[in-house]
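Working through the structure, step by step
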Amino acid sequence: MIYLDANATTPLLPEVLDAMLPWLREGYHNPNASYRGAKEARKAIDEARARVAALIGADPGEIVFTGGGTESTNMALKWLARLVGRKTGQVITSAIEHSAVLKPVETFEDVGYKVTRVGVDAGGRLDLDELKRACGSAQEGGGFVSLMWANNETGVVQPLAEALEIARVHGLAFYTDAIQAVGKIPVNVRDIPVDFLSLSAHKFHGPKGVGALYIRSGCRFEPMLRGGGQEKDRRSGTENTAGIVGLGVAAEMAAARLVAGENPAALRKAFEEKLVGELDGVTINGDLLHRLPGTSHLSFSGCEAAGLLILLDDLGVACSAGSACMTGKQQPSHVQKAMGFSDAKAKSSLRFGFSCLNTMEEALAAADAVKKAVEKLRRVQGGSTGPVVVYSP
Ligand SMILES: Cc1ncc(COP(=O)(O)O)c(C=O)c1O
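Residues numbered from 1 in each chain as written. Predicted model: local features only at pLDDT ≥ 70, side-chain atom pairs only at ≥ 80, totals over all residues. Heavy atoms only, no water.

1. Brief notes about the domain arrangement of the chain
For the chain, the assigned domains read domain 1 (14–258) and domain 2 (263–390). Its C-alpha centre places domain 1 at a distance of 30 Å from the equivalent point of domain 2. If you look at the interface, domain 1 gives 24 residues, while domain 2 gives 19 residues. The contact between domain 1 and domain 2 buries some 1800 Å² in all, and 64% of this surface belongs to carbon and sulfur atoms. Our count for the contact surface shared by domain 1 and domain 2 stands at zero salt bridges. Taken together, the connections running from domain 1 to domain 2 amount to six residue pairs in polar contact (both at pLDDT 80 or more). Partitioning the side of domain 1 that touches domain 2 into residue classes produces ten nonpolar, eight polar and six charged. (Domains from an automatic or database assignment. Contact = heavy atoms within 4.5 Å. Buried area = accessible area lost by both parts, 1.4 Å probe. Salt bridge = Lys/Arg side-chain N within 4 Å of Asp/Glu carboxyl O. Polar contact = N/O pair within 3.5 Å; in protein donor to acceptor, adjacent residues only side chain to side chain. Nonpolar A, V, L, I, M, F, W, Y, C, P; charged D, E, K, R; others polar.)

2. Looking at the site of the ligand
Among the 13 residues in the neighbourhood of the ligand, the closest are listed as Thr 70, Asp 177, Gln 180, Ser 200 and Lys 203. Burial of the ligand by the protein amounts to 85% of the accessible area it has alone, namely 390 Å². Grouping the amino acids of the shell around the ligand by side-chain chemistry returns three nonpolar, eight polar and two charged. (Near = heavy atom within 4 Å. Areas by Shrake-Rupley, 256 points an atom, 1.4 Å probe, with all protein chains shown as cover.)

3. Here's the deal with unusual backbone geometry
Phi angles above zero are rare outside glycine, and His 205 is one such case at about 70 degrees. Secondary-structure assignment places His 205 in the loop between β7 (196–200) and β8 (211–215). The phi torsion at Glu 231 lies on the positive side, around 55 degrees, for a residue other than glycine. With respect to the element layout, Glu 231 can be found in helix α7 (residues 230–233). Classification of Glu 231 as buried rests on a relative accessible area of 6%. (Helix = DSSP H or I, 4+ residues; strand = E, 2+ residues; numbered from the N terminus. Buried < 20%, exposed > 50% of the residue type's maximum accessible area, 1.4 Å probe, protein only.)

Right under this line is the structure:
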């Protein structure tokens, strides 16, 4: 199987698994106890904290370990909503956020918060003029901004620095869901000083169910989970030592890849060039200048993505539909709608996610498989092929 769904999750690196195993066997002690084994677990957690902090340019004290990206996101958003208050509270987010942001924001809206979902251009990048207008209408200190660093469907990297500057002019707190960006592209909270940021280990070859929330030093914060007061009372619950250690090693390895300039961009380039060169009616979606190095979001005219997924599974390629499959019917996702995709285009889109574990042989073999699947489906469905269309910003 050629695994090309790295935006959904990534395999554990062997080094990460090796680092975790001792903490699942003999290192089982509760890190909050006072005997030797417990102190070792505490030390391992603190080392992991330093590694995660180093990956994003933070201080270790600014890192809170959590049960994954969704939890980190909920912690930040629910606190910010409480902080600004529902009477005057304005929530400014985008139309392309992950459901980990969209769903909590819907609950704020239900209880009276004013919510603005800023749109994107055809390349999937945030409309900064619309953001300016939205921030301008919020009362200073009476709202907050929640914007993703990179989109999970298209891989499009957002103009975060510019967006933060706009929010700051209006005195608004700023959270970013950086779950798709961290470990894949440089993310540094000293260069782009957001207030809160979430990351998730399984997106960069760490374990599932463990992540972190960055809370900028000096920012007020009250916990969502209360109990034993772990994580300096910012997230109660006995620490997942093995998971946290795995996150730490994955973070350190991701940082080393970023320094060495190692990323899957060359694989994606070869994959896309082969497809565009050998197949008609292929569209590369998303802003070409601002994409995660491993994400390829493509539309194949005259082909239903649902059928392509089945054929590709048979041919040994794992990827995702670019739209949400609902009870067998393909619906354009909210991201595709925001980018102005027609229903036909949305239905014919696939997302491929390359990681550092893929090879050039796999990229080329996957392109061959996609070509075969598209040609077969077009024969069966009698679909027409259009010209090669490539979005250029
Ligand atoms: C942009 C984005 N936000 C949030 C999440 C949720 O993260 P987790 O799976 O760690 O809960 C994901 C994972 O798919 C994501 O891609």
